[in-house]
Every structure is written in C-alpha cells, then in structure tokens.
Amino acid sequence: MEYILYEEDGAVGVITINREKALNALNSQVLDELSAQLDAVDLSKIRCLVLTGAGEKAFVAGADIGEMCLLTKAEAEAFGKKGNDVFRKLETFPIPVIAAVNGFALGGGCEISMSCDIRLASDTAVFGQPEVGLGITPGFGGTQRLARLVSPGMAKQLIYTARNIKADEAYRIGLVNAVISPEEGGSSKEAVLEAAKKMAKGIAAQAPIAVRASKKAINDGLQTDMDSAIVIEEKLFGSCFETKDQGAAMSNFLEKDKEKKLKVVPFVNE
Ligand code: CAA
C-alpha cells in the first residue's frame, strides 16, 4: 500500500495514514487502502487498533480538496459515500479503535477521529469542520457524529462558524477523551501515540469477547430507544456466558488467591 502503514505490537495493531506531504489528506486511494487494511487485520490475534497520521504536523487535514474541487453533484455524493462506508467500517469494527490525534484533525480528519471509539489528542492537536468555508457541508459523517458526540448546539456552532479549536477546548466540550502533553522537550506526537498504545494494551489485556460485546452493545443501543437498547444489552451480556473467557475470569476472581485473581489470562476467542 502506498498511503497506509500497518504494524503490530502484540495484540495491538497501529494503522498510520501516511501521506505526510499533503498532511495526510484523504483522497480516494487513501480511503480504499484504509478499507483494505481494515479487512486485512487478523482478528484472531489483534484486540485493539490505534489510528494515527504520519508526521508531527497533522493527523488528517481533511478530505482531499484537489480531488473534490471539480466533482459533479453525483460524483461528490459518491465520494461522500466512499468516505462514509470506510468510516462506518471503522466505527463498527469488531474491536475498539483509538485515534491518536497528532496535530490537525480538520474536516474529514475530525470526522475520521469521531468514527473511532476513543480520541486521545496531542497538546498540538487542532479540531474543526471548516467545510462551509469551502462552500460544502461536512461530508464524511460530521453533521451526524459531531452532533451526537458533543451537543447539537455546539456542533452547529462549530460547523456554521467553521472555527478551529485547540485540544484543550476539544477536551472541554467532550470531543476528546484526554489531551496528552509530552515530557519537557519531548515530541507531542510520540507522547500521544505512546499513550494510545498503552491504553490499547490495557484494553487488549481484558477478555476480548466481553470487550467486543461491550462495543456492540453501546453502538447498537445508541441507534435505538431505551426499551430495545436494554434488550440488545441483555443478549450481548448473555452471549459472554459459557465462554472460556468468562469461565476463566470469574474462577480467577472467586479463588481467594490474590495473585491469581489479578491474572485474567488466558482469554480465548471462543
Ligand atoms: N486536501 C488536499 N491537500 C491538502 C489538504 C487537503 N485537505 N490540507 C493540506 N493539504 C496540502 C496543501 O495543499 C499543501 O500542499 P503543497 O505543499 O503541495 O502546496 C500541503 O498539504 C501542506 O499544507 P499547507 O501548506 O496549507 O500547510 P499550512 O501549515 O500552511 O496549513 C492547514 C495547514 C491549516 C491544515 C491547511 O493545510 C489547511 O487549511 N488545509 C485544509 C483544511 C481543510 O479545509 N480541511 C477540510 C477539507 S473538506 C472535507 O474534509 C470535506 C468532508 O467532510 C468530506
């Protein structure tokens, strides 16, 4: 692949959007490669993903404006669908995805981060939906996910004004889970990437069936009314039982031996 890097560290996979010269802007090729990379993740081994951008300056500076500028209405709609399909694949990916946002996350960059389960921002990160300044609406889910993630009023303010916000404001409005500052003289990008990998390893150490079921319960439940949502949870809760994960983890707890109780391994995918 030209624009996607992938590496594994134990049960954690790290996907890097690698188009640094264009601040990792999303053209059709990047979107296609990202989709193919997600399909290629070995889910029998990998339990959590980290998504980041190459270089210090940008996570993703948006959809590729050069590619978009001459699109017809129909072509633009198809381009929106292409982005939405990949972002939805990310959002519904069976295992959690953490965005390590290392710099600009504008337009499609903010949108792809919102398709991830968790966002960690470097202290240099900048978020925004600048599309109306380009004569378009957000097109990769921004009108929908931002309104759900922060609040409709704040989403409208950010989208209508096209104003960029820094990491601390993104944290204040609930757009990101945490802002990671480097140690004195350290790299902001390295700090956020390390924090994301550390969190991913912590998630990967939990029972994988239960983590996957939790993600599905939250995502599917948010799509529906509370009565139906609770039934979704009941079914996923039930699905964890009689698995080796659940048997081993609960037995470990019930054995009074403290050392063993904390050792929640081995978990298996069955
Ligand atoms: N598309 C295509 N190329 C982009 C790009 C984008 N979204 N963002 C940056 N680049 C390119 C620049 O054209 C430039 O390329 P050249 O070196 O070949 O000229 C290179 O990346 C570096 O960018 P700048 O010189 O502009 O860097 P800067 O430090 O002066 O500014 C920036 C950084 C503020 C992020 C600025 O690049 C910028 O405003 N980028 C566009 C941000 C934006 O509007 N994103 C939304 C796109 S629309 C969208 O995403 C729609 C949707 O929802 C689907």
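Structure first, text after, so check above.
Values in this document were obtained by computation on a predicted structure and should not be read as measured data.

Caption draft 1: Up close: the site of the ligand. The environment of the ligand is formed by 23 residues, the closest being K57, A63, G108, E111 and E131. At 3.4 Å from an oxygen atom of the ligand is found a main-chain nitrogen or oxygen belonging to K21. Within the contact set of the ligand, an oxygen atom lies 2.7 Å away from a side-chain nitrogen or oxygen of E131. Every element with two or more residues in the shell around the ligand is listed here: α2 (65–68), β6 (104–106) and α4 (108–114). Counted by class, the shell around the ligand contains 14 nonpolar, four polar and five charged residues.

Caption draft 2: Geometry of the environment of L222. Relative to the helices and strands, L222 resides in helix α9 (residues 208–222). We classify L222 as exposed; its relative accessible area is 68%. Expressed as a C-alpha distance, the spacing of L222 and A105, which sit 117 residues apart in the sequence, is 25 Å.

Caption draft 3: The arrangement of the pairing of strand β7 (residues 118–122) in detail. Taking burial as the measure, the five residues of β7 include five buried ones, the bulk of the element. Residues I118, L120 and S122 point to one face of β7 and R119 and A121 to the other, with burial holding for every one of them. Judged from the four bridges that link them, strand β5 (residues 97–101) and β7 form a sheet pairing that is parallel. Residue A99 lies in a different strand from β7, and its bridge partner there is R119.

Caption draft 4: Looking closely at the sheet that holds β7. Read across the open sheet, the six strands follow the order β1-β2-β3-β5-β7-β10; overall the sheet is mixed. Of all strands in the sheet, those bounded by a partner on one side alone are β1 (4–9) and β10 (178–180). When the angles between neighbouring strand axes are averaged without regard to direction, this sheet yields 25°. As defined by bridge partners, strand β2 (residues 12–17) adjoins strand β3 (residues 48–53) across six bridges and the pair is classed as parallel. Following the sheet pairing, T16 is matched in β3 by T52. Helix α1 (residues 28–40) contacts β1, β2 and β3 of the sheet and is inclined by roughly 25° relative to β1.

Criteria and thresholds
Residues numbered from 1 in each chain as written. Predicted model: local features only at pLDDT ≥ 70, side-chain atom pairs only at ≥ 80, totals over all residues. Heavy atoms only, no water. Near = heavy atom within 4 Å. Polar contact = N/O pair within 3.5 Å; in protein donor to acceptor, adjacent residues only side chain to side chain. Helix = DSSP H or I, 4+ residues; strand = E, 2+ residues; numbered from the N terminus. Nonpolar A, V, L, I, M, F, W, Y, C, P; charged D, E, K, R; others polar. Buried < 20%, exposed > 50% of the residue type's maximum accessible area, 1.4 Å probe, protein only. Pairing = 2+ DSSP bridges. Axes fitted to C-alpha atoms, helices over the stretch in contact; angles between N-to-C directions. Contact = heavy atoms within 4.5 Å.

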